[in-house]
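Below, each chain spelled out in residue letters.
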Amino acid sequence: MKLLLLIFLVQSVLQTIYLPASQGAVQPMDVRLIEQTCKQTPLYDVCVSILKSDSRSSKADVTGLALIMVDVLKAKATGTTNYIKTLLRGNLKGDKGDPKFAEQAANDAGIEARSCESSFSGHSPLTESNKSVQDVSSVAAAIVR
């Protein structure tokens, strides 16, 4: 649950900081912006694959790309959380004016997924989901940065 709160916080920070200022300035972009942005992340292929598969990328600036990545991160974390709930069935505050806080929250999402994975001895039933959340959180943090 903490992971989802962190992701929602990242999304909120980005929307609070960037959307009002950039809404009028958003211009259609081509694949070059995606590739240029993804080169600044630790997982270029993951970044490009996710952003090229989302139709919103064609009209997004870098802030839009970050928001798309946060949406993907949220979806992955929600899926993982729902899977955990299936397996187990039987007020976070931050400085909304500081983009570093959004970057840290995205990093924290990856740390939480890594921590979850390491709490299992050997291979957990969440390995794929945890790896995916870690990858997307790394890319989201890099774009926010």
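Residues numbered from 1 in each chain as written. Predicted model: local features only at pLDDT ≥ 70, side-chain atom pairs only at ≥ 80, totals over all residues. Heavy atoms only, no water.

1. Considerations on the confidence of the model for the chain
Residue-level pLDDT values for the chain average 77, and 71% of them are 70 or greater. Across the chain, the element-wise mean pLDDT spans from 52 in helix α1 (residues 2–22) up to 94 in helix α3 (residues 44–52). Taken together, the stretch residues 17–28 has pLDDT below 50 and engages in 17 contacts with residues farther than four places along the chain or on a different chain. (pLDDT = per-residue confidence, 0-100. Helix = DSSP H or I, 4+ residues; strand = E, 2+ residues; numbered from the N terminus. Contact = heavy atoms within 4.5 Å.)

2. As for helix α6 (residues 127–144)
Taking 1.5 Å of rise per residue, the 18 residues of α6 would be expected to cover 26 Å, and the 26 Å separating its terminal C-alpha atoms lies within 8% of that figure. Judged by how many residues are buried, α6 sits mostly within the fold: 13 of 18 residues are covered. (Expected span 1.5 Å × (residues − 1). Buried < 20%, exposed > 50% of the residue type's maximum accessible area, 1.4 Å probe, protein only.)

3. Description of the environment of Tyr44
In this fold, Tyr44 is placed in helix α3. The class for Tyr44 is partly exposed, based on a relative accessible area of 30%. Here the alpha-carbon distance between Tyr44 and Ile34, two residues 10 residues apart in the chain, equals 9.8 Å. Those residues within four positions of Tyr44 in sequence are excluded, and the remaining contacts are Glu35, Cys38 and Lys39.

4. Topic: the pattern of salt bridges
Taken as a whole, this structure holds five salt bridges when the rule is applied. A salt bridge links Lys52 to Glu35; its shortest N-O distance comes to 3.7 Å. With a gap of 17 residues between them, Lys52 in helix α3 and Glu35 in helix α2 (residues 31–38) connect regions that are remote in the sequence. By relative accessible area, Lys52 is classed as partly exposed at 47%. Close ionic contact of Arg56 with Asp71 constitutes a salt bridge, the shortest N to O distance being 2.6 Å. Separated by 15 residues along the polypeptide, Arg56 in the loop between α3 and α4 (62–88) and Asp71 in helix α4 bring together distant segments of the chain. Accessibility expressed as a relative area gives 41% for Arg56, which makes it partly exposed. Residues joined by salt bridges that share partners form a network here, namely Asp54, Arg56 and Asp71. (Salt bridge = Lys/Arg side-chain N within 4 Å of Asp/Glu carboxyl O.)

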